[in-house]
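Overview (structure and organization)
Here is how the chains run, residue by residue.
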Amino acid sequence: MGPGQTVTVFGAYGHTGRFVVAELVRRGFVPVLSGRDEVKLKALAASYPGLEVRPASVDDPGSLDRALTGAVAVVNCAGPFATTAAPVIEAALRAGVPYVDVAAEIEANADTFAHFADRARATGAVIVPAMAFFGGLGDLLATAAMGDWIEADEAHVAYALSGWQPTEGTRAAGAVSRQRRGGARVVYRSGRLDYRRDDATTLQWPFPEPLGSRAVVGEFTMADVVTIPSHLSIPDVRTYMTAEAARDVTAPGTPTPTAVDEHGRSAQTFLVDVVVRSGGAERRAVARGQDIYAVTAPLAVEAVHRILTGRTRTLGVASAGEIFDAAGFLRALSSHLSVELLRQGRREVLR
């Protein structure tokens, strides 16, 4: 597969969509700018002379088909994914092209696995949900940390964000998820999702130095509870968020991200600490970087590139850690992330 291939980006004018468009252009792809708001699409196109604008709506299958005409793949960046994922997946199946999305919504990702796994496998289609900071990155880190283990007792994914200025899309997706749960919170225990009415607890998490021990909201559950157990035999998956960042994302007055560099990234930094345990043994993977929304773009675009170049391990609906070589994928992102593995007393930097 050579440069110049056309990839449709649905939700191209959104905060994350703009990063994905820029990364596709940087990698030599030709994005088709799609979404429901033609005015916003044309405004974005003004920054990319020559790129085609194709308005489309999830309520109009014909418009989605036109948006995907001639494309080799589609990246769905338009939330809430509870509304957009299924219609865009259906369009991708009709067009016979791979589908990648950046959904962080737990229920939307679970729906994708539940509703499309059999059809995608039967037709040889490739559908990769949650190919983003939440869901995709944690799964890649957990899979890389596992190494030659075929099962583990538990996996823990702890997020340390310097702050969290949520986008409008993040807030909208969160509202949809809370409504679907009836206000309950979700956990992953004994191999299944469980909904609870009790409050999440605050505890201390021992992040690697120099960060050190920090207060985290226990079971601040993210899409990793869908992606990781979709292919790894781990019955207990828990995710955590630093308490300050958890307060930021839930506070109504927190501003949206502000760009501080030429790439449009915010000043936000992150550390993701993944620990898998089996018996008395423990393995760990740690990732560091800048701007959780911006780093989603190289994750999604590297996924598209690997799918189109045949560097996949399975077909159907699959999470990042199942369909890709996790360590190799993380190495490919070394200009965007620093990643280290700590296994069996050895430290390995992926680069």
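This text goes with the structure placed above it.
What you see is a predicted model; the values in this text were computed from it and never measured. (Residues numbered from 1 in each chain as written. Predicted model: local features only at pLDDT ≥ 70, side-chain atom pairs only at ≥ 80, totals over all residues. Heavy atoms only, no water.)

**Focus: the environment of alanine 303**
Inclusion rule: Secondary structure counts use DSSP, requiring at least four H or I residues in a row for a helix and at least two E residues in a row for a strand, with both numbered from the N terminus. Relative accessibility thresholds used throughout: buried, under 20% of the residue-type maximum; exposed, over 50%; partly exposed, between the two (1.4 Å probe, protein chains only). By definition, residues are in contact when any of their heavy atoms lie within 4.5 Å.
Take alanine 303: it is sitting in helix 10 (residues 296-308). The exposure class of alanine 303 is buried, given its relative accessible area of 0%. The contact partners of alanine 303, leaving out residues within four places of it in the chain, are Met131, Phe324 and Phe329.

**Some details on the side chain of threonine 8**
By secondary structure assignment, the location of threonine 8 is in strand 1 (residues 6-10). On the basis of relative accessibility, which here comes to 1%, the residue threonine 8 falls in the buried class. Those residues in contact with threonine 8 that sit more than four places away from it in its chain are Val32, Ser34, Ala67, Leu68, Ala71, Ala73, Val74 and Val75.

**Details of the sheet that holds strand 1**
As a reminder, the rule being used: At least two DSSP bridges between two strands are needed for those strands to be called paired. Angles here are taken between N-to-C directions and fall from 0 to 180 degrees, while the axes themselves are lines fitted to C-alpha atoms, restricted in helices to the stretch in contact.
Strand order in the open sheet formed by 7 strands is 3-2-1-4-5-6-15, with parallel pairing between adjacent strands. The strands lining the two open edges of the sheet, one partner per strand, are strand 3 (53-55) and strand 15 (316-317). Here 5 bridges tie strand 1 to strand 2 (residues 30-35), and the two strands are oriented parallel to one another. Pairing of valine 7 across the sheet is with proline 31, part of strand 2. Packing against the sheet, helix 1 (residues 15-26) makes contact with strand 1, strand 2 and strand 4 (73-76), and its axis sits at approximately 170° to strand 1.

**Focus on the packing of helix 3 (residues 61-68) against helix 4 (residues 81-95)**
The following threshold applies: Here roughly perpendicular refers to angles of 65 to 115 degrees, roughly parallel to angles under 35, roughly antiparallel to angles over 145, and oblique to all remaining angles. Crossing handedness: left-handed means the near helix sits turned counterclockwise from the far one by under a right angle, and right-handed means the same turn made clockwise. Under the scheme applied, nonpolar residues are Ala, Val, Leu, Ile, Met, Phe, Trp, Tyr, Cys and Pro; charged residues are Asp, Glu, Lys and Arg; polar residues are all the others, including Gly.
Relative orientation of the contacting elements helix 3 and helix 4 amounts to 55°, with a least axis distance of 9 Å. Between helix 3 and helix 4, the interaxial angle falls into the category oblique. As helix 3 packs across helix 4, the resulting crossing turns out to be right-handed. Along the contact surface, helix 3 presents Pro61, Leu64, Asp65 and Leu68, while helix 4 presents Pro87, Val88, Ala91, Ala92, Arg94 and Ala95. Of the residues that constitute the contact of helix 3 with helix 4, the class distribution is 8 nonpolar, no polar and 2 charged.

**What to know about the packing of aromatic side chains**
The relative placement of two aromatic rings is captured by the distance of their centres and the angle of their planes. Spelled out, the test is: Put simply, two rings from Phe, Tyr or Trp (the six-membered ring, in Trp's case) pair if the centres are within 6.5 Å, and we call them stacked under 30 degrees between planes, edge-to-face over 60, tilted for the rest.
Taken as a whole and judged by the stated rule, the model has 8 aromatic pairs. Ring centres of phenylalanine 324 and phenylalanine 329 lie 5.1 Å apart, and the angle between their planes is 40°; on these two criteria the pair is classed as tilted. Accessibility assignment for this pair places phenylalanine 324 and phenylalanine 329 in one class, buried. Here the aromatic residues Phe133, Phe134, Tyr159, Trp164, Phe220 and Phe270 are joined through ring pairs into a cluster of three or more.

**Brief notes about helix 5 (residues 106-123)**
Basically, it comes down to this: Between the first and last residue of a helix there are one fewer steps than residues, each counted as 1.5 Å, and that sum is the expected span. We define the bend at each residue as the angle formed by axes fitted to the 7 residues ending at it and the 7 residues starting at it.
Taking 1.5 Å as the rise per residue, helix 5 with 18 residues should run 26 Å; its terminal C-alpha atoms sit 25 Å apart, in good agreement. Its maximal kink placed at phenylalanine 116, helix 5 deviates by approximately 55°. Along helix 5, the residues classified as buried are Ile106, Glu107, Ala108, Asn109, Thr112, Phe113, Phe116, Ala117 and Ala120. Once helix 5 ends, the next one or two residues include glycine 124, with phi positive near 75°.

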